[in-house]
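Listed here are the chains, written in short residue letters.
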Amino acid sequence: MASATPVSSSVSEAIESIQSSLSDLCVVSDDPHHQRRRFSFENPRRFSAFANRLQLLLHQLLRSFPSPDSLPAAAVTAIKGVAADLSVAFETVSVYIKRSKIFVLVHCHSLRSSLQESTLAIADWLALLDSALHDLPDLRKKISDLSRDMKQAQFIVTENEERVHCTLEKEGQGRRTTKAVQSAIIMDLARALGIDPDNLSELSEQVNLFQTDLTNSNSLSERRIVVSLQSILSNLLVQPDIITQKLHVDFEEYDAASAAPQMSSPFKNFLCPLTKEVMKEPVVLETSQNYERTAIEYWFERCIEDARDPTCPVTGQVLKSLELKPNIGLAGAIEEWVNRNIEVQVNSAAKWLSEEHISVDNHSIEKVLDFLYKISEEYPTNRYRVRNAGIVALLVKLLRNSSKSVGTQLRSMALMALLSMAKDEESKKRMLEDGVTRLAIHSLIGSSEKEREFAVKLLLEFSRDEACCIKIASEKGALVLLSSMAGNLEHPTLSNLAEEVFKQMERVEDNVQPLAEAGRFEPLISRLCEGSDDVKIEMASIVGRMTFTNSSKEQIARQSANILVKLLYKPEGRAPSLQALYNLSGLDDNAIILVDSAVLPALTDILLIQDTSPDLKELAASTIAKIVSKPGNWELASIDKRGHSMRSESFICSLLGLLSIVSPRCQGSILHILYGVALSPQASESVTSHIKSGDGIKTIISFLEHSEDEHRIYAFRLTRILSERFGEDLTSELRPDKLPLFKDKLLGSQSTEGEQSDAACILANLSLSEEEVKTLLGDSFVRWTVTTLKNQRRTSNPASCMAEGLLGLLIHFTRSHDLQTLSIVREHNLMTIFCEQLGFPSNPRVKQLAALGLKNLSECGMSVAAGDSQPIRLNGFCSSLVCMCGGAANKPSTCPIHNAACEEESQLCLLKSNCIKPLVDLLTYEDTGVQIAAVETLSTLVLDTSNNFKRVVDELSHQGVVDALIKLFIEVRPGELQERAVWMIERILRVESQSQRLAFNQALVRALVEAFKHGGANTKRHSQDALTNLKQISGISGNASSQAGAPR
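In short, a report on the structure. Nothing here was measured: the structure is a model prediction, and the numbers come from that model. (Residues numbered from 1 in each chain as written. Predicted model: local features only at pLDDT ≥ 70, side-chain atom pairs only at ≥ 80, totals over all residues. Heavy atoms only, no water.)

## Topic: the overall build of the protein chain
Move 1: Of the regular secondary structure elements, the protein chain holds 56 helices and 3 strands.
Move 2: Partitioning the intrachain contacts of the protein chain with sequence separation of at least 6 by distance along the chain shows that 68% fall at a separation of at least 24.
Move 3: Total accessible area on the protein chain is roughly 48700 Å²; 49% of this is exposed by carbon and sulfur atoms. (Helix = DSSP H or I, 4+ residues; strand = E, 2+ residues; numbered from the N terminus. Contact = heavy atoms within 4.5 Å. Areas by Shrake-Rupley, 256 points an atom, 1.4 Å probe, with all protein chains shown as cover.)

## A few points about the packing of helix 52 (residues 961–971) against helix 55 (residues 1002–1014)
Move 1: For the pair helix 52 and helix 55, the least separation of the axes is 9 Å and the interaxial angle reads 50°. The angle between the axes of helix 52 and helix 55 places the two elements in the oblique class. Handedness of the helix 52/helix 55 crossing: left-handed. The segment helix 52 lies against helix 55, with I966, F969 and I970 engaging A1003, L1004, A1007, L1008 and A1011.
Move 2: Here the residues of the contact of helix 52 with helix 55 are counted per class, giving 8 nonpolar, no polar and no charged. (Axes fitted to C-alpha atoms, helices over the stretch in contact; angles between N-to-C directions. Parallel < 35°, antiparallel > 145°, perpendicular 65-115°, else oblique. Left-handed = near helix turned anticlockwise from the far one by under 90°. Nonpolar A, V, L, I, M, F, W, Y, C, P; charged D, E, K, R; others polar.)

## Details of the pattern of salt bridges
Move 1: Considering all chains together, one arrives at 43 salt bridges under this definition.
Move 2: Among the charged side chains, a salt-bridge network with shared partners connects R53, K141, D145, R148 and D149. (Salt bridge = Lys/Arg side-chain N within 4 Å of Asp/Glu carboxyl O.)

## Regarding unusual backbone geometry
Move 1: Unusually for a residue other than glycine, K276 sits at a positive phi of about 60°.
Move 2: If you trace the backbone, K276 turns up in the loop between helix 13 (252–257) and strand 1 (282–284).
Move 3: The phi dihedral of A598 falls on the positive side, at around 60°, and the residue is not glycine.
Move 4: As for its placement among the helices and strands, A598 is situated in the loop between helix 32 (588–596) and helix 33 (599–609).
Move 5: Judged by its relative accessible area of 39%, A598 is partly exposed. (Buried < 20%, exposed > 50% of the residue type's maximum accessible area, 1.4 Å probe, protein only.)

## Examining the packing of aromatic side chains
Move 1: All chains considered together, the criterion is met by 8 aromatic pairs.
Move 2: A centroid spacing of 5.7 Å and a plane angle of 55° characterise the contact between F521 and F548, whose relative ring orientation is tilted. Of this pair, F521 sits in the loop between helix 27 (512–517) and helix 28 (522–530) while F548 sits in the loop between helix 29 (533–545) and helix 30 (550–568), and the two are 27 residues apart along the sequence.
Move 3: Given a relative accessible area of 3%, F521 falls into the buried group.
Move 4: The residue whose ring lies beneath R99 is F103, and the NZ or CZ to ring-centre distance is 4.5 Å.
Move 5: Lying over the aromatic face of F726, K692 brings its terminal NZ or CZ to 5.6 Å of the ring centre. (Phe/Tyr/Trp six-rings, centres within 6.5 Å; stacked < 30°, edge-to-face > 60°. Lys NZ or Arg CZ within 6 Å of the ring centre and 35° of its normal.)

## Here's the deal with helix 20 (residues 408–421)
Move 1: Its 14 residues give helix 20 an end-to-end C-alpha distance of 20 Å, which sits within 8% of 20 Å, the value for a rise of 1.5 Å per residue.
Move 2: Most of helix 20 is tucked away: 12 of the 14 residues are buried.
Move 3: When helix 20 is considered as a whole, its buried residues turn out to be L410, R411, S412, M413, A414, L415, M416, A417, L418, L419, S420 and M421. (Expected span 1.5 Å × (residues − 1).)

## Looking at the packing of helix 10 (residues 200–213) against helix 11 (residues 220–236)
Axes are the key here: two packed helices are described by the angle between their axes and the distance separating the axes.
Move 1: Running from N to C, helix 10 and helix 11 cross one another at 160°; their axes reach a closest spacing of 10 Å. As far as their axial angle goes, helix 11 and helix 10 are roughly antiparallel. Where helix 10 crosses over helix 11, the handedness of that crossing is left-handed. On helix 11, the residues touching L200, L203, S204, V207, F210 and Q211 of helix 10 are E222, I225, V226, L229, Q230, L233 and L236.
Move 2: Taken together, the residues of the contact of helix 10 with helix 11 break down into 9 nonpolar, 3 polar and 1 charged.

## Describing the sheet that holds strand 1
Move 1: Reading across from one edge, 2-1-3 is the order of the 3 strands in this open sheet, with antiparallel pairing throughout. Unpaired on one side and paired on the other, strand 2 (290–292) and strand 3 (325–326) mark the two borders of the sheet.
Move 2: Of the pairings in the sheet, the one linking strand 1 to strand 3 comprises 2 bridges and is antiparallel in character. Residue pairing across strands places V284 opposite K325, the latter belonging to strand 3.
Move 3: Of the strands in this sheet, strand 1, strand 2 and strand 3 touch helix 14 (residues 293–305), which is tilted by about 90° from strand 2. (Pairing = 2+ DSSP bridges.)

As structure tokens, this is what we get:
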């Protein structure tokens, strides 16, 4: 019994739910009028009839069983299902009862669908109930009949409901409609709701009820419907005497004080029932009702669009004919009334447009301006009245007024009125004479979008005339403001209007350059590409003398480079096109474009072959110089018909020959060309060789002391590149007089940073003798170099080229082992300087030079420790070397590397100077050259394998050198780095403890085998020796040895 209690309770709750829903759904009376009062729509009435039958069946079912507990299980399930779906149906019917009629019309389809689904669901539950009642045939038949009828029931949306629903739905979509159509919609809706179309108060009440229904709704479309209906009703509620304000402004002050004719109100039949405004073209329908032609035509179009028969909005009668007959008599009466009132108002408007009233009553002035605009637009034949009253001049005067009282609203409305009056040619002429274009341009920066919009519209109107176009373009700031407006996508309307103004201006030839200066290149480019030869030459002249942004240069070059190159071959077009190409060549990306356009052969021809003026040669050389200073695949491009490239010997020699005969300006450009070509990685080797073979080193050196900055700069840069490849030859040419020049340039306070970097690199690359190092550089120079390096480290952006040169200079002092040089090394801590450079962010070349300096100092330290240097005295600086390399009092601990007592921070010992860890870090550096330099430097520690070698290797293993070197070797590819790494590994493996430790490193063994198979001769030899040390192969035969006895 305890388990049955919940079941009984849930069945009872379901039955109570059904009874509660049915009590609200059922209509007690059979009177149809009573049912219609309760249910305004057919669908809930039909469902209420099913509810009545269901209520009777429920009563009979409950009487047939003593209690809910005795109901079959299937019957219980059916009753619960009926309760749930009936509750849903009740909610749907409640919408019909409690919500406004407009709300029901808006949702008629969803309500119908909900009722249909609930009815079908209840029918299915009744079918289940029928199958569960075996002993009650009479009740089963009634249930079966009700289930069948509910399954067959079809709830519909009537044609009238569908028409109004579609109309409201389109209003909810925010579709723009005219005032006339909106008025007709309200009339149609009123009839559909059973309300008298003239009973606007009841209709407003229905709209208010609908708005109340939407209190908790987030539907945008429904809120749009409310707003639309309220807006239409507000128009319908306007009294006819207020409507006349569209044709006049309240000028009571003047009308009362003067004998001017007074305004007269329109007759009621002058007003269109749809627009509530005075008709301009009245027409009559077959219902004898008069409408404004455009208003009733809009309504007919809406009816056809909504797939409904056109009706007369006032009577609601379906029209058999859409014929619109003009009401000529009514039209004449209206025209006479309009002209009389316009005359009165125009004269009054002219009185109000004065300075005094503008500063006192802006609101009235706004009404005056609005009236003038409407008169001009809606009654264009009366524009002459406005012009003759002097109002055009007054409007221009209003725009010219800069006082704060004339705000953006007044300016917007004045521009709007002038825009409309500009359609009158005489008025337009007077505006131009009064300077209205300048005022409109000033309004392009107005504070409101409306002011800017009417200003650009006014300019568009004037731009239809060619003379006006030229005048607008000549106004200061006009094109810049229009360009800014055209490119502002946040305001698409203004952007499109500005584009239209530009299209009009682009038609005029005189506007091409002003437009280009404002960033509008289409007219310029189109004429340059498609015009006649004379036009192309003129356009090329414009390109040559203008200043462009980088993006503009690229745009012009892409579209016109081929045309400009072709003009180079025409005598009359050579100068302007050459100037244009020079102007465009300053952009990096344009180098590729110009090279692809075959500009180099034409420029080379002008520079080397043609008998042209010095000015053209200078331009050609300057243009080539700009191209070669940018990446652009020019190294592979042909410069003549024979296929020579810019790195060819003939071209380089020709340039060297020109240096002695061309103008100074052209000389600077040629040096620039030589530097640009020599700087290219693809061309550097061949170009420098051609310069050397053509006796160009001497020629270039002669410009090192030139009076012009450009000549000196590129001469120094070229000399630096040459010094990297031909250091000895360059040194011979510079000896003895020119060598001090670089030191002076490096130390000179007037030298630029670039000149100092070049001078430092040149001195570093020269093959100086020990004597020259001492005399030319010396201790003071080293001090300056070290100080400069330290200062560079403190800057946020150290100059890598300068660092390269300075390190190269210090390396000169690491190659000598004499006492004076060693004293300088010690005094200035050169090993520490080099070591520090390894850890600073810099380019690979700096790290490579620093490692090379450490290599030289380490070799010097090894040599001193081995006793190869001169005898060392035990006082001053030299005593420290003895402490480092020889015996000393109290027998201090010896250095594992040198087997001598090296002092802390020794400048000849990598270990004591803490240089090994930075060198090990370089083994993982991404640049191969840096890795090779690091291996070379570390290799100096294993040069001597005689005494103390095991201690050296153990220390290197302790410092992580061995493992890092092996990791590098395993990953490296065949080449110089592999050869140097395997050489060092082979030496390390000579120590038995290391060979035993690494014997079972399979990755190392595989790497050694691969190096033995694929490496060079030296690599193969060292790999074989290393494998032998690991006991992987025989030291005699080279055959693989057995590993059977190897410990595991």
